[in-house]
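# Architecture at a glance
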Amino acid sequence: MKPTISKFTMKQFLFVFLFLTTFQSVFAQQDKGKSLGNFVLMTKEKQNFSIQTDYGNVQVQIYSSTIFRLKIWKKTFVSGPDYALVGQPLPTAVKTKETKDAVVIQTDSLTLQISKFPVRFIFKTPDGAVVNTGDDMGTYWLNGQVFAFKKLFQDEKFVGLGEKTGHLNRRGSGYTNWNTDNPHYEDWDDPLYSSIPFYIGIHSGLNYGIFLNNTTRTRFNFGAGNNRVAYFSAEDEQLDYFFIYRKNISAIITDYSFLTGRIKIPPVWSLGFQQCRWSYTPDKEVMEVATAFHDKQIPLDVLYLDIGYMDAYKVFTWNPKTFSQPGKLVNNLKNLGIHTMVIIDPGIKVEKGYPVYEEGVKNNYFIKYPDGTNYSGQVWPGWCHFPDFTNPTVRLWWGEQFKILVDDGVTGFWNDMNEIAVWGKVVPPVLRMDWEGMGSPYSKAKNVYGMLMARSTYEGTKKLLNGKRPLILTRAGFAGLQRYSAIWTGDNQATDNHMLLGIRLINSFGLSGIPFAGYDVGGFGGNASPGLYVRWVSLGTFSPFFRVHSSITTKRSEPWSYGVSAERIAKRFIELRYHLLPYIYSAFYAASQTGIPVQRSLSIAYTNDEKVFDPQFENQYLFGPFLLVIPAKSTQAIVKAWLPEGHWYSFYDDDKINGPEELLTESPLDKLPVFVKEGAIIPIQKLVQNTGINPGDTLEIHLYCGNVTRSFVYYEDDGNTYNYENGSFYKRTITYKGKANHLVFSKSEGNFTSKFKIIRLIFHGFDENITDVDVNGKSKKLLPVTNSYLNNYQTLRKALSVDLSNSNREIKIDWQVAEK
């Protein structure tokens, strides 16, 4: 029997031919890509400029004289919720000029030149220097992504981008923003838990910032694999990015934080020492740990309860057997001056009769498949549904669930697993989100999910706490998370390399507008040696967020767990943290006003110093404006340090070193290398067991000699409420003029009464040459320093002091220096 052969008619043949050639053309075009094209026309409305090209559209929106927003799309720009943004355009004087070849949009600080054929963007200074310019490829669509290609300058460096591994200088590296639970990350792993699509470019003495406001998966390439272009891309049909030009990096960070918001002043107790473990359980063990800290007089402000406190890992429950009287437990901790912080994951256990689950199902509060079925993923409780935090009703509902915890006295709330993390690692991409009623695929919402969970937690607990400040901690986040939460670097490991990587991650968070960040001191995974633990505690003392945390699979990690010697050294550094609290709290106030971080990469203040970017020195940072911290491995008895331009003093003995200087400095475990900048003004208080204890009536102000002018804004409030927003604060600017031998405390601002009645001014580096100190025109006697709060840390042979009454009026101090 012959096989049957189908015969094509001419019509069928032509159909197949056209079908194949059409798709061949489509695929060829897709592989080849397409640029924005040539200029067609421009229209203007106030500070908005709309440009049509022969392939797409551009809108340039002037936010300020230094901030331009560019939206680029093909046919229709799909607007959505700007979760990252709070800043609104400011009235700005703008000039425009159009020629046959270009459009020029100009403010007094920044010029955007848009070439017409083809359309490309060139950002310039007012005097014509090129800050940033598009490559010949410009804006480009290819295979479901949209790219912005930028010319790579020969000396260009890149810093920031939030929680990214690698070097301080991102040049030669590429990164992806896609929030990922990566529990065993190492020095070059990417992506991690959070996405902050903001970076700073540096070249030719110029600095700029770019914030990519796309929430989808985005990629950044800073010359990885090529020497022609730096570029960023989004898995999207449109780009939405901000360009910032300023003369220094600190001003760029301030502009960026104007866009994405600034931190609220955190509760003062959140700046003390915090102890955590997966898991302290049962409640008896929690009290044993708390009591041990108290009896050993090791300061402690926060104790954490990990997942073991819950009933079968169900959120918003207590285990009825191991935590049968949670209110009593939390109150007992409170009586010791300790705040309770509990973990909360987003997964809601699928269980009939569980009220949170039942209510969520009834009201359609959970993330869904396209067919309307609730998505289930497996986590600690088993199969779970997940709240859709892009729905404002869900955010309100979620916040209300914390009542059971707040009623029991809990004041801290730790959001974990919010990338979303599930067993098996993968969440189906077809899931649908509410997206403020507009609808969206999960791919647009994944990167903001953790931030929106933190937002919901913050807004709900703030309301429930009736005016008291909660502490929120998140693992995942997006640009703008600083408005709601602190963040930590996830599941690190107990190694020296991880300890130093954590330093760089916090420095990078700070460069990216997030001042309240930290790492798990001692390492979450693995067992730290006593030396590593002690070194890590010493670094944690000089970090914004100071928490020890360890896994259930490791040895215990309380200070006494490492032996008597390690306990003694760790206690000493923890105590130093409490001495430094006035300085730290004032630094957080500054962050709330300017966005400038508490832990500061040296690239902020010393941008043009090449040594700052050297891998030997890239871990160094300023803690607040004046303390230079030199991280060292636990095995390093001597470490190489770089002291930038200016004069520096050893924190421990006032030895003076003239910078710039590369030197070897001793780094024993009990003395982390720390140097003080000339002209520094550092407030210090008496040691307390916790922040709820009155630190006495005397505030020390440590002044370091220098032929410079410096100022420091000293700030106080009650540390617990939002009353400062209504004027209940105490603030004064302290200004030092070294050349004039003059120090002035401005008249105090606010209606809060300072805790301190006396100011003890301590002079460092003046070598006993000060004579005739006058305070508001009246002579005061100088005394050798014998009873400083820092006597346990500093050997001060020549320091002098004078006591002042801490009046609210202006205080002027003048002195004479005897000639040598």
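This text goes with the structure placed above it.
Residues numbered from 1 in each chain as written. Predicted model: local features only at pLDDT ≥ 70, side-chain atom pairs only at ≥ 80, totals over all residues. Heavy atoms only, no water.

## Structural notes on helix H5 (residues 355-362)
Turning to H5, its buried residues are Val-356, Tyr-357 and Gly-360. Here the buried residues of H5 occupy an arc of 100° about the axis, which is enough to place them on one side. Those residues of H5 that are exposed and angled more than 90 degrees off the buried face are Pro-355 and Lys-362. Contact partners of the buried residues in H5: strand E23 (348-349), strand E25 (382-385) and helix H6 (392-400). Following H5 by one or two positions, Asn-364 adopts a phi angle in the positive range, close to 60°. (Buried < 20%, exposed > 50% of the residue type's maximum accessible area, 1.4 Å probe, protein only. Helix = DSSP H or I, 4+ residues; strand = E, 2+ residues; numbered from the N terminus. Arc of directions from axis to C-beta. Contact = heavy atoms within 4.5 Å.)

## Here we look at the side chain of Ser-551
With respect to the secondary-structure elements, Ser-551 resides in the loop between strand E33 (545-548) and helix H11 (564-579). Its relative accessible area of 4% is what places Ser-551 among the buried residues. Polar side-chain contacts of Ser-551 include one of 3.0 Å to the side chain of Thr-553. Sequence-distant contacts of Ser-551, defined by excluding residues within four places in its chain, comprise Arg-277, Trp-278 and Phe-524. (Polar contact = N/O pair within 3.5 Å; in protein donor to acceptor, adjacent residues only side chain to side chain.)

## Some points on the pairing of strand E21 (residues 302-305)
Covered by surrounding structure in E21 are Val-302 and Tyr-304 together with Leu-303 and Leu-305, the residues of both alternating faces. Sheet analysis places strand E20 (residues 274-275) next to E21, joined by two bridges and oriented parallel. Bridge pairing links Gln-275 to Leu-303 in E21. Since E20 and E21 lie parallel, the crossover through helix H3 (residues 283-295) that links them has a hand, and here it is right-handed. Where E21 meets strand E22 (residues 339-344), four bridges bridge the pair, whose relative direction is parallel. In the sheet register, Tyr-304 faces E22, and the bridge partner there is Met-341. (Pairing = 2+ DSSP bridges. Right-handed = clockwise from strand over helix to strand, strands pointing away.)

## Things to note about the packing of aromatic side chains
How two aromatic rings sit relative to each other is given by the distance of their centres and the angle of their planes. Enumeration according to the criterion identifies 63 aromatic pairs in this entry. Ring centres of Phe-273 and Phe-546 lie 4.9 Å apart, and the angle between their planes is 70°; this geometry places the pair in the edge-to-face category. With Phe-273 in the loop between helix H2 (249-260) and E20 and Phe-546 in strand E33, the pair connects residues that are 273 residues apart, well separated along the chain. What makes Phe-546 buried here is its relative accessible area of 0%. (Phe/Tyr/Trp six-rings, centres within 6.5 Å; stacked < 30°, edge-to-face > 60°.)

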